Amino acid sequence: MSTILQFLLILSIIIVTAKAFGYLSTLLGQPAVLGELTAGVVLGPSLLNLFGLGFITKGPALEATVRELAELGVVFLMFMAGLETNLKEMFKVGKVAAFSGVSGVITPVVLGTLLSLPFGYSFQQSVFIGIILAATSVSISAQTLLELGVLRRREGLALLGAAVLDDVLVVLLLSLFLSLGLGAGGGSLLDVLLVIGRMAAFFALTILLGLKLLPWLLAQVKKLPISQNLTAFTLVLVMLTAWASEFLGGVAMIVGAFLVGVLVGRTSYRHELERSFNVIIYAFFVPIFFVSIGLILNLGTVQASTWVFALAVSFVAIVSKIFGCGLGARLAGFDNLSSLRLSLGMVSRGEVGLIVATVGVTGNIINDQVYAAIVVMVLATTLFTPLALKWAFRREKETGRTTPTLEEPAERTKIRAAEPGS
């Protein structure tokens, strides 16, 4: 078979398997995303090894292409999460997001460092492992909260804000780590200041242009006699901002995509664009992204001695986020249940944790076995998050208590909860 025929076959297998496992997951009362993640493990080198099957002769090249599609999928997923977010409402939970984001970075760095030292890793390596554990990938949580219909609640909004802050802080920590000469290619403290300046300039310029210029641009594009004018323009805008976010701003591209979603969500075209993007993103890109996470795990390459560290680092990764983010949210005014929900949503490390780990491998800071342990941790936290969030929001039904959105006063929610059938 030609390369394109193999590629079409692989994509078909990935999407069908993802949807089938997602359906089975819903039958078991779990979010569909959990099944799609499991599909990746089944199709990956740990079990079926899709790209190593006999009729696939271009496995490495096709795998790389699928990974690129997966990255595109997470960009669009975060754009959709941004569309669901109201900027004014997010500012109302800004204190909670700030406290939770900062505490959710400090705690994993400290606990990750303390965990790694007894395993024989140097202080330098242990600190770097702690920085990896500080990362958060909110894409899995955003999709789960969208499925549960609670993304616009205060926990969801605070979670998104905390995740953006978390990403910024992790990039700053990584830059500081390298600037102090602790990693290969270390620079100076001036480099750290430049990183901060780049981030500040990117956020300020993006938000300013989005608030002042974007509504006018969308209105002008809408008038053009071009098929799918708004959709095409927004598609390009999302990709360009994601590019600028990482290449110019120094933060993960998903942050740029999320910001575009938030800014577009303020305009009158939000619902039209939501309908346009929904079909192709959730039918094609998102299943590929979720499956791709499982495809990177090869349990056969993990040495027996590494499994102990992998399990320990997975446990610390979960506990550190729950305790750190939960404590920050509680100090900022959230009650215990809301704090728990926010902290559970911050557990997944996803692609952000892998990006930081890859920097460590290429810079000879950590070895391949540590990287393998990190991959196990990423998968463990990614599988844990949708299960935990489903459980946390199920408690609401069991107690008969409903958390209000910021658009809905608590008194009104109490009345609605008391109505028959609510």
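All figures in this text were calculated on a predicted structure; none of them were measured in a lab.

Student: What's the story with the overall build of the protein chain in this structure? I'm lost.
Tutor: Secondary structure summary: the protein chain contains 18 helices and zero strands in total. A principal-axis box enclosing the C-alpha atoms of the protein chain has dimensions of 55 × 55 × 50 Å. The buried share of the protein chain, taken over its 422 residues, is 54%. For the protein chain, the share of sequence-separated contacts (at least 6 apart) that also reach a separation of at least 24 residues comes to 79%. Surface exposure of the protein chain reaches about 18,100 Å², of which carbon and sulfur atoms provide 69%.

Student: Just checking my understanding: could you explain the pattern of salt bridges for this structure?
Tutor: Applying the stated criterion across every chain yields a total of six salt bridges. Taking the shortest distance from any N to any O, the salt bridge between D166 and K321 comes out at 2.7 Å. Of the two residues, D166 is situated in helix α8 (residues 154-179) and K321 in helix α14 (residues 304-331); the sequence distance between them amounts to 155 residues. Judged by relative accessible area, which is 0%, D166 ranks as buried. Linking K222 and E272 is a salt bridge whose minimum nitrogen-to-oxygen distance equals 2.8 Å. Of the two residues, K222 is situated in helix α10 (residues 214-223) and E272 in helix α13 (residues 270-295); the sequence distance between them amounts to 50 residues. For E272, a relative accessible area of 27% puts it in the partly exposed group.

Student: How should I be thinking about the environment of S12 in this particular structure?
Tutor: Here S12 lies in helix α1 (residues 3-27). As for S12 and F284, which are separated by 272 residues in sequence, their C-alpha atoms are 9.7 Å apart.

Student: Sorry if this is basic, but what is going on with the environment of P45 here?
Tutor: In this fold, P45 is placed in the loop between α2 (32-43) and α3 (59-83). Residues contacting P45, with those up to four places away along its chain left out, are L295, L297 and N298.

Student: Got a minute to help me understand empty space enclosed by the protein in this structure?
Tutor: Leftover empty space is mapped by rolling, across the atoms, a probe with the size of a water molecule. One pass over the structure, following the stated rule, counts three cavities of 30 Å³ or more. Considering only enclosed or pocket space, the largest cavity measures out at about 90 Å³ in volume. Lining the largest cavity, in full, are M78, T136, S137, V138, L160, A163, V164, D167, I254, V255, F258 and V352. Only α8 and α12 (253-264) provide two or more residues apiece to the lining of the largest cavity. For the lining of the largest cavity, the leading source of residues is α8, giving four residues. Looking at the lining of the largest cavity, its residues break down into nine nonpolar, two polar and one charged.

Student: Please explain helix α7 (residues 139-148) as it appears in this structure.
Tutor: Structurally, the α-helix is built with 3.6 residues per turn, so residues lying three or four positions apart point the same way. In terms of burial, α7 is a largely internal element, seven of the 10 residues being buried. For α7, every residue scored as buried is listed here: S139, I140, S141, A142, Q143, T144 and L145. The positive-phi residue at the C-terminal boundary of α7 is G149, with phi of around 75 degrees.

Student: Help me understand the side chain of T206, please; the structure alone is not making it clear to me.
Tutor: When you line up the elements, T206 lands in helix α9 (residues 189-212). Here T206 is in contact with T241, L259 and L263, once residues within four sequence places are set aside.

Student: It is not clear to me how unusual backbone geometry should be interpreted in this structure. Could you clarify?
Tutor: With the exception of glycine, most residues fall at negative phi, and the peptide bonds are largely trans. For N49, which is not a glycine, the phi torsion comes out positive at approximately 55 degrees. Here N49 is to be found in the loop between α2 and α3.

Student: Help me understand the packing of aromatic side chains, please; the structure alone is not making it clear to me.
Tutor: The geometry of an aromatic ring pair is captured by two quantities: the separation of the ring centres and the angle between the planes. Following the criterion strictly, the structure yields 10 aromatic pairs and no others. Between F79 and F277, the ring centres sit 5.0 Å apart and the planes meet at 55 degrees, which makes this aromatic pair tilted. On the criterion of sequence distance, the pair formed by F79 in helix α3 and F277 in helix α13 is long-range, its members being 198 residues apart. Overall, F79 belongs to the buried group, its relative accessible area being 0%. On the numbers, 5.4 Å between centres and 55 degrees between planes, the contact of F128 with F177 is tilted. Within this pair, whereas F128 is found in helix α6 (residues 123-134), its partner F177 is found in helix α8, the two being separated by 49 residues in sequence. There is no split in this pair, since F128 and F177 are both buried.

Student: When you look at the layout of surface pockets in this model, what are you seeing that I'm missing?
Tutor: In this structure, the largest pocket encloses a volume near 610 Å³. Lining of the largest pocket is provided by 21 residues; of these, R67, I296, L354, T358 and Y371 occupy positions nearest its centre. Of the residues in the lining of the largest pocket, the class split is 12 nonpolar, five polar and four charged.

Student: Would you mind showing me how to read the nonpolar core here?
Tutor: Counting 131 residues, the largest nonpolar core has I14 and L342 as the members making the most contacts within it. Excluding its chain neighbours within four sequence positions, the residues that come into contact with I14 are L43, L50, V66, P287, I288, V291 and L295.

Student: Whenever I open this one, the side chain of S343 confuses me. Can you help?
Tutor: Inspection of the secondary structure puts S343 in helix α15 (residues 336-345). On the basis of relative accessibility, which here comes to 1%, the residue S343 falls in the buried class. Beyond its immediate sequence surroundings of up to four residues, S343 is in contact with K321, I322, C325 and G326.

Student: Could you clarify how one ought to interpret a positive patch on the surface in this entry?
Tutor: A surface patch of positive charge is lined by K88, K92, K212 and R266. Locating R266 in the fold gives a position in the loop between α12 and α13. For R266, a relative accessible area of 43% puts it in the partly exposed group.

Student: I tried to follow the confidence of the model for the protein chain on my own but got confused; where do I start?
Tutor: Interpretation of the predicted coordinates at a detailed level should be avoided for regions scoring low in pLDDT. Averaged over the protein chain, the pLDDT score is 87; the fraction of residues at 70 or greater is 91%. Mean pLDDT per element in the protein chain: helix α18 (residues 410-418) is the minimum at 36, and α10 is the maximum at 96.

Cut-offs used in this document
All residue numbers refer to positions counted from 1 along the written sequence of the respective chain. This being a predicted model, a pLDDT of at least 70 is required before a residue's local features are given, and a value of 80 or more before pairs of side-chain atoms are given or counted; all residues contribute to the totals for chains, interfaces and linings. Only hydrogens and water are set aside when side-chain values are computed; all heavy atoms of the structure are taken into account. Only DSSP runs of H or I reaching four residues or more are called helices, and only runs of E reaching two or more are called strands; each is numbered from the N terminus. In this scheme, a residue with accessible area under 20% of its type's maximum is buried, one over 50% is exposed, and one in between is partly exposed, where area comes from a 1.4 Å probe on protein chains only. Should any heavy atoms of two residues lie within 4.5 Å, those residues are counted as being in contact. Only the protein chains shown count as cover for residues, and the accessible areas themselves come from Shrake-Rupley with a 1.4 Å probe. One side-chain nitrogen of Lys or Arg within 4 Å of one carboxyl oxygen of Asp or Glu is enough to make a salt bridge. A 1.4 Å probe that fits into a set of points on a 1 Å grid over the protein atoms alone but cannot get out defines a cavity; an open set with protein on both sides within 12 Å along at least five of seven lines defines a pocket, and lining residues are those with an atom within 4 Å of a point. Grid points are joined across faces, edges and corners, and a volume is the space filled by probe spheres set on the points. Residues were grouped as follows: Ala, Val, Leu, Ile, Met, Phe, Trp, Tyr, Cys and Pro as nonpolar; Asp, Glu, Lys and Arg as charged; and all remaining residues, including Gly, as polar. Stacked, tilted and edge-to-face are the three classes assigned to paired rings of Phe, Tyr and Trp, where Trp is represented by its six-membered ring and a pair needs centres within 6.5 Å; plane angles under 30 degrees give stacked, over 60 edge-to-face, the rest tilted. Here, the term nonpolar core denotes a set of buried Ala, Val, Leu, Ile, Met, Phe, Trp, Tyr and Cys residues that are joined through side-chain atoms within 4.5 Å. Patches here: salt-bridge-free residues with over 30% relative accessible area, like charges joined within 9 Å, nonpolar side chains (Val, Leu, Ile, Met, Phe, Trp, Tyr) joined within 5 Å. Two residue types count as positive, namely Lys and Arg, and two as negative, namely Asp and Glu; His and chain ends fall outside the count. Taken as the charge location is NZ of Lys, CZ of Arg, CG of Asp or CD of Glu. A score from 0 to 100, pLDDT tells how confident the predictor is in each residue.

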